[in-house]
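Observations on the model geometry
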Amino acid sequence: VGYTLEATDSMMFHPGLSVDSSRFSAVKKVATEQDLDVFMQTFDSCYRNDDPLNPYGDLGEYVRAARATWHKHHTNNRIEYFVVYDGDRPVAVSALTNHKGIGYISNVGSLLSERGKGFGKLVTMYCIQRSKENGNSTHCLATEEGTNLNAFYKAMGFETRSIAKLLSKKIQ
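Residues numbered from 1 in each chain as written. Predicted model: local features only at pLDDT ≥ 70, side-chain atom pairs only at ≥ 80, totals over all residues. Heavy atoms only, no water.

Here strand β1 (residues 3–14) pairs with strand β7 (residues 159–169) via 10 bridges, running antiparallel. Within β7, the position partnered with D9 by the bridge is A164. Two strands pair when backbone bridges link them, and β1 and strand β6 (residues 138–144) are joined in this way by six bridges, in the antiparallel orientation. Along β6, the bridge assignment pairs F13 with C140. (Pairing = 2+ DSSP bridges. Helix = DSSP H or I, 4+ residues; strand = E, 2+ residues; numbered from the N terminus.)

Below is the structure:
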């Protein structure tokens, strides 16, 4: 009694079948400091407060945490960052965390000016393929149920297997 539903998180899973690799040449794995700088700048540009499809707003401190995470885990492929290029211009990003047979896809974003051109789908499908190549049998991500992003991933073949409701209660 007295609780308000704030959000419903959706854990989504992909079977890993039917991955279209025809455009994978546009994706580059972050391997150097220069690549990481491009990733971070593009990543930060993909998430803006004035973006109606972005539920997160500016990334702020998260960008620094993402950089530190790459430094800590990229040499053993526990974390992999990817940048999609349209010609020589970076337009989308994603991350793949590999752990105990699970490939967790996160930080997927495309520049607002490039939305609708398939770059978000491309980088997500690339992560699924990399996850398979890394020996993972499970490929997943998290969204909020009922959002545009949730529908976007469902259209790619992701299925919701579990949800978690975030409730809040005003303290008086």
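Turning to the packing of aromatic side chains, a few remarks are in order. Taken as a whole, this structure holds eight aromatic pairs when the rule is applied. Measuring from centroid to centroid gives 5.6 Å for F43 and Y47, while their planes differ by 80 degrees, and the two rings are edge-to-face. For the pair F43 and Y47, a shared accessibility class is recorded, and that class is buried. Aromatic pair F82 and Y126: ring centres 5.1 Å apart, planes at 70 degrees, arrangement edge-to-face. One end of the pair, F82, is in strand β3 (residues 79–86); the other, Y126, is in helix α3 (residues 119–133), and 44 residues separate them in sequence. With respect to burial, F82 and Y126 carry one shared label: buried. (Phe/Tyr/Trp six-rings, centres within 6.5 Å; stacked < 30°, edge-to-face > 60°. Buried < 20%, exposed > 50% of the residue type's maximum accessible area, 1.4 Å probe, protein only.)

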